[in-house]
Every structure is written in structure tokens, then in C-alpha cells.
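Results of the structural survey
Here is what each chain is made of, one letter per residue.
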Amino acid sequence: MWNRLERPWRMARAPMAWTWGLLTLLVLGFAPQAQAGDAWVPIDTGQWDVSTIAIDPASPGTVYMGGFSRTSQGPAVFKSADGGTSWSSLEVQTTGERLFMRITGLAVDPTARGTLYATGSKLGAYLGDSGVYKSSDGGASWAEINFGSGAFRPTASAMAIEPTTPATIYAGLYAEGLYKSMNGGATWTAINSGLPNSSYGTKPTARALAIDPTKPGTVYAAIGDSVYKTTNGGASWALSATDAGNRITALVLDPATPGTLYAATESDVSSGGVFKTTDGGATWVRADAGLLHRGAIRALVLDPTAPGTVYASAVINATINATGDRLTKTDGGVFKTTDGGASWAAVGTRLTGTPVVALALNPATRTLFAGASGGVFKHVTDGNLALLPD
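Everything numeric here is computed off the predicted structure, so don't read it as measured data.

Next up on the list: the overall build of the chain. For the chain, the count of helices and strands is 1 helix and 31 strands. Going through the 390 residues of the chain one by one, you find that 54% of them count as buried. Partitioning the intrachain contacts of the chain with sequence separation of at least 6 by distance along the chain shows that 48% fall at a separation of at least 24. Counting only carbon and sulfur atoms, one obtains 55% of the accessible surface of the chain, whose full area is about 16,000 Å².

Here it is as C-alpha cells:
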């Protein structure tokens, strides 16, 4: 999810100048040297800050990304039908009215091809005048979802679709609590029993949601620096203390290991990172040894085909010493663990210093997508160098 309070970041965008000479070297057998370097490939979407990426599970070659333009009020969603090689722009509108200048989240139905949900802020509107919209035809047309809040359209802070019953959707709204739909978004019910109000007296804001695919009705919600859990589909919630101490920004469940959940946190100082539970949230431990990051981890994505493999994206990357003093600071990058968080390493060097706010992994093609300020990158994780067409 895009942090609406985050200042616009800019990243250095490396030009792609592939010459015939380089291509000849690759053909003559120097490809392994290129692959050993850095396989991140930029995908140019113009002056766009990409804040969310989603892959259609029913059609793995279909990828969506959303964000907002720093130069115009153009399309806020892009779609690729060929795994990220080529892209087309989508207008999020109803009855001819363009709805968004900023897309903050995308969620795709895992079984109904072309069904997806978009959250964001309307053009020229205050953050409170926002909404959630649904498309059943791959983004060609959209319909507004009404949460029952009248003319005031709350901004969605998180959304998750039940994988075993995709008509069931959970949504977190800024200062409006949690809602649940059991009919694909047609109607919604507030589900806040057991959740705390904010320090301002408003309803809670859930910034991340994770649904256990092996236990129907078990959902985790990140609220502030804590995780809350329901085992009855939201009828009641109980605190699952993380000892994180900082705002939680992302949650991912490992479907191959019951009860294993990862939480990403962010901080203005050096105490952010990744936490892990292996008992369904009863106890949590830090899982970021070797991750030279103690600032803001913004996104997590788990590889469902490789147990213990998790990717994390960073906005602020701080190197610290044994006493906790910050020594150096760079802005962001993408990191990977293959041992469940016991150790981490950077994924290439091209995105070092780049604030990355969104991640998505296509397990069918082994392609990792990273959304950042100015566009999106893709990385073929099996070591093959992915080249964009001319």
C-alpha cells in the first residue's frame, strides 16, 4: 500500500543502451558474465510512481501495476498480458468519469480471470473522498463499491481476498476500521469487535491483512505496531503481540508451513525490520539478521515454491554497528532470504539506493517485480537476463 504521507522520491534511472556489439558478445558465450552482474530490467511507464503491483493467479502472464503521475493526470493503472514485456494503460472510470489520480492498492480474484479491485484517491479530491472500485473484465470497465458511509468515501488502507472463497473480501479503511464482504463487494459489514480505537478516538486503521489459506476464517490484521488475529472470519479479534515497537507495513503467510507469518516494520530511526512467528502469532522474534536495514521495510513477498524464501523491499537502508549507532544510510533496495529470515542478501545492485515500495512475484515464470518512484523493474530470479524489446 502506498503511504499517503510519504514524500515523493526520485530514483536514478539507468538508461538501456544495448549495442549490437554487446549482443554479439552475449551470443558468443559471455552471457554468464552478464547474468552474474545484475538482472534487474527497468520497465518505462513514464513519470509514474508505482505504489502497487498485482499478478492475476488465474492468468499468471497478466500483471497489473498502479500508482500516480508526477507530471499529469493520466492513467493510474497499467496492464501487461505477456508477463511484463509490454504494457497498456487503463483508465479507472465509471460512466466516463476518471476516478483516480493515485492508485494505492490492487487485489486480484484468484479464480475469476479478469476480476480485480482498485483502491485510491479521486482526482482533485481530499484523501477522505476516495473509494474502492471493481472490474470484472480485466480493467476495461469499473464499478464503485459502497461501504455504506454515504457521500464520504473512506480511503482503503488494505484489502485481501479469501483464496478458498474469493467472494469473501476483507478491507481496512483509514480511521474507519475493518469491513468484510461475502458477495464480491456488493455489500459490506463492519467487523471491529476486539479491535482498539486509535489514540485520536477514531476506529483502527489496518495497514496490512493476511489470510491463512489453510484455515478458513483465520485472518491477521496489522494495526499500528501490533498484529490482531481472528479465527472466526472477523466476528472477534484478539491481540497477537509482536514486540515490534514500530508501525507494521506488510504481512505475509507461508502456506507451506502452518502458523508461519512474517511482518515488516518501518521506523524513522534504526529499529525497523522483519519479524517472524512460527506458532500462528503467539510469539514473535526478529528475522532480519544480515539485513543491513533498520529503517523502513515497505513490502514483503513470499515464494510459494521455495519454503523459507522471502523478498523484502526497503525505503530507508541504514547500516548500524553493534551498539546500534547508525553509520551510513542509503535509500532502499530489494533483499532476499532463503532460510526463513536467518540471513539476507541484496537482490542485485541496480536498485541499491532506490526506494522500493511494492513487490510481486510470479512463481510460474520466476519473475520478481519491484515498484518504485519513476516506474517498475523486473528480475528473472532463476538467473536468466531478461531483455526488454526495442
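On we go.
Ranked by size, the top nonpolar core spans 29 residues in total, and within it I53, Y64, I103, L106, F369 and V376 carry the most contacts. Within the residue set of this core, elements represented by two or more residues are strand 2 (48-55), strand 3 (63-69), strand 4 (77-80), strand 8 (100-108), strand 9 (116-122) and strand 29 (356-362). Looking at which element gives the most residues to this core, the answer is strand 2, with 5 residues.

Overall, antiparallel pairing links the 4 strands, which are arranged 16-17-18-19 in an open sheet. Of all strands in the sheet, those bounded by a partner on one side alone are strand 16 (206-211) and strand 19 (238-240). For this sheet the average axis-to-axis angle between neighbouring strands, irrespective of direction, equals 30 degrees.

Enumeration over the complete set of coordinates arrives at 4 salt bridges. Its salt-bridge partner being R247, residue E266 comes within 2.3 Å of it at the nearest N-O pair. With E266 in strand 21 (residues 261-266) and R247 in strand 20 (residues 247-253), this pair connects stretches of sequence that are 19 residues apart. When its relative accessible area of 11% is taken as the criterion, E266 is described as buried. For E266, the salt bridge goes to R298, with nearest N and O atoms at 2.7 Å. Of this pair, E266 sits in strand 21 while R298 is found in strand 24 (residues 296-302), placing the two residues 32 residues apart along the sequence. Just as E266 is buried, R298 falls in that class too. Here the salt bridges share partners, and the residues they tie into one network are R247, E266 and R298.

With respect to the element layout, M159 can be found in strand 12 (residues 156-161). You can call M159 buried: its relative accessible area is 14%. Separated by 48 residues in sequence, M159 and R207 place their C-alpha atoms 8.9 Å apart.

Cut-off values and rules
- Residues numbered from 1 in each chain as written.
- Predicted model: local features only at pLDDT ≥ 70, side-chain atom pairs only at ≥ 80, totals over all residues.
- Heavy atoms only, no water.
- Helix = DSSP H or I, 4+ residues; strand = E, 2+ residues; numbered from the N terminus.
- Buried < 20%, exposed > 50% of the residue type's maximum accessible area, 1.4 Å probe, protein only.
- Contact = heavy atoms within 4.5 Å.
- Areas by Shrake-Rupley, 256 points an atom, 1.4 Å probe, with all protein chains shown as cover.
- Core = buried A, V, L, I, M, F, W, Y, C linked by side-chain atoms within 4.5 Å.
- Pairing = 2+ DSSP bridges.
- Axes fitted to C-alpha atoms, helices over the stretch in contact; angles between N-to-C directions.
- Salt bridge = Lys/Arg side-chain N within 4 Å of Asp/Glu carboxyl O.

In short, geometric facts, not functional conclusions.
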